[in-house]
Amino acid sequence: MSNVTTDSATPSTITAILYGSWNNFFYVDTYVWFDYGIGSLTSNTPFTGPITDESGTWNRTISTNADTTYLYKARTDQPGATQGTTESFKTNANAASFGVPSSSGVTQVTATCSVSFNPNVVTSTAALYLNYKKAADPTYTQVLVQAGLTGSINANKALSGLVPGTHYDFYFSFTRTTNNGTTGNSAGAQFTTRAAQTATTSAATAVTSTTAQLNGIVNAVDGANSISYYFQWGPTTGYGSTT
């Protein structure tokens, strides 16, 4: 029995090659073609023919949208022939892109890491992650920034529980549900948490029966413009007085 077969397609980003074959053709001056479309078979390729061989193959290149699923079907006007089945393919997506990562709001134990990200998807989705570690550590900790992305974002991820006075490395990464370019990373960046403020009590000097000079060292870091400091003193560790 005469038939046409819908064979595999070879998609790229903006084009796809459709393949088909025919068998047992016995009428001359007949043609083969493809119906195709997004969601339904609304378009058709130019006809190939007239067919003179009993069996053979053909292909057609069509223009496509990136990251889009297409239906296609091999067709013929050979009398009584069985038409091809409806098959589908998904085109490749354009490349995802990152801006330059940055950090802000860095304190002794917190920081916010930021980046602009374009997943460059049409029908697929993407997930964005932040990867960070102490510079001296061998492995990164990964945290989800946002899932289900379908468009560009300016992403921010706040970190807490960091170690004061420590250098951190970080970068962003993504996954996509596309045919191609399913993973990728941003450039790397760094930040250093502020060192902890410290106060050290030194020995009292110039001690008399009624007076004493209290001494200490305050390390005023963490970017504070000004800080308050004082001594607690008294006859016991309950102190009771400040100055």
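Counting restarts for each chain, with residues numbered from 1 along the sequence as it is written. Reporting of local features is limited, given that this is a predicted model, to residues whose pLDDT is at least 70; pairs of side-chain atoms are given and counted only at 80 or more, and all residues count toward the totals for whole chains, interfaces and linings. Only hydrogens and water are removed before side-chain values are computed, so all heavy atoms of the structure are retained for them.

(A) Up close: the overall build of the protein. Strands here are runs of E lasting at least two residues and helices are runs of H or I lasting at least four, both read from the DSSP assignment and numbered beginning at the N terminus. Within the protein, the regular secondary structure consists of zero helices and 22 strands. Judged by the C-alpha coordinates and their principal axes, the protein covers about 125 × 30 × 25 Å. Here the protein, with 243 residues, has 31% of them falling under the buried criterion. Whether two residues are in contact is decided by their heavy atoms: any pair within 4.5 Å suffices. In the protein, the share of contacts with a sequence separation of at least 24, taken over all contacts with a separation of at least 6, comes to 58%. Here the protein has roughly 13400 Å² of accessible surface; of this, 49% comes from carbon and sulfur atoms. Positive charges are assigned to Lys and Arg, negative charges to Asp and Glu, while His and the chain termini are left out of the count. Charge coordinates come from a single atom per side chain, which is NZ of Lys, CZ of Arg, CG of Asp or CD of Glu. Counting 9 positive and 11 negative side-chain charges, the protein places the centres of these two groups 17 Å from one another. To sort residues, take the accessible area from a 1.4 Å probe on protein chains only and compare it with the maximum for the residue type: under 20% means buried, over 50% means exposed, and anything in between is partly exposed. All accessible-area figures derive from a Shrake-Rupley calculation using a 1.4 Å probe, and residue coverage is judged against the displayed protein chains alone.

(B) Structural detail: the environment of Y230. In this fold, Y230 is placed in the loop between β20 (213-219) and β21 (232-233). When the C-alpha positions of Y230 and T175 are compared, they lie 53 Å apart, and in sequence the two are 55 residues distant. Leave out the neighbours within four places in its chain, and Y230 touches T242 and T243.

(C) Inspection of the packing of aromatic side chains at higher detail. Only centres within 6.5 Å qualify two rings of Phe, Tyr or Trp (six-membered ring in Trp) as a pair; their planes then separate them into stacked at under 30 degrees, edge-to-face at over 60, and tilted for everything else. Under the defined criterion, the tally for this structure stands at 14 aromatic pairs. A ring pair is formed by F34 and W58, whose centres lie 4.7 Å apart and whose planes are at 25 degrees; its orientation type is stacked. Separated by 24 residues along the polypeptide, F34 in strand β4 (residues 30-37) and W58 in strand β7 (residues 56-63) bring together distant segments of the chain. You'll find F34 and W58 in the same group, each marked buried. Feature note: the residues W22, F25, F34 and W58 constitute an aromatic cluster, connected by ring pairs. A ring is scored as having a charge over it whenever the NZ atom of a lysine or the CZ atom of an arginine sits within 6 Å of its centre and within 35 degrees of its normal. A cation sits over an aromatic face here: K133 above Y140, 5.3 Å from the ring centre.

(D) Geometry of the side chain of T64. With respect to the element layout, T64 can be found in the loop between β7 and β8 (69-76). At 3.0 Å, the side chain of T64 and the backbone nitrogen of T15 are in polar contact. Once residues within four sequence positions are removed from consideration, T64 is found in contact with T13, I14, T15, A16, Y70, F89 and T91. Pairs of N or O atoms are called polar contacts if they sit within 3.5 Å, as long as, within protein, a hydrogen donor faces a hydrogen acceptor (for residues adjacent in sequence, only side-chain-to-side-chain pairs).

(E) View of the pairing of strand β14 (residues 141-149). Across six bridges, the pairing between strand β13 (residues 126-134) and β14 is antiparallel. The partner of Y132 across the bridge, within β14, is T141. When DSSP finds two or more bridges between a pair of strands, those strands are recorded as paired. Hairpin connection, β13 to β14: the antiparallel pair is bridged by six residues.

(F) A look at the layout of surface pockets. The volume enclosed by the largest pocket comes to roughly 390 Å³. The method works on a 1 Å grid over the protein atoms by themselves. A cavity is a set of points holding a 1.4 Å probe that cannot get out, a pocket is an open set with protein on both sides within 12 Å along at least five of seven lines, and residues with an atom within 4 Å of a point line them. In this structure, the largest pocket is lined by 14 residues; those nearest its centre are A199, T201, Y230, F231 and Q232. Residue assignment for the lining of the largest pocket shows that the elements contributing at least two residues are β19 (198-205), β20 and β21. For the lining of the largest pocket, the element with the highest residue contribution is β20, accounting for four residues. In this classification, the charged set is Asp, Glu, Lys and Arg, the nonpolar set is Ala, Val, Leu, Ile, Met, Phe, Trp, Tyr, Cys and Pro, and all remaining amino acids, among them Gly, are polar. Of the residues assigned to the lining of the largest pocket, the class counts are nine nonpolar, five polar and no charged. Grid points are joined across faces, edges and corners, and a volume is the space filled by probe spheres set on the points.

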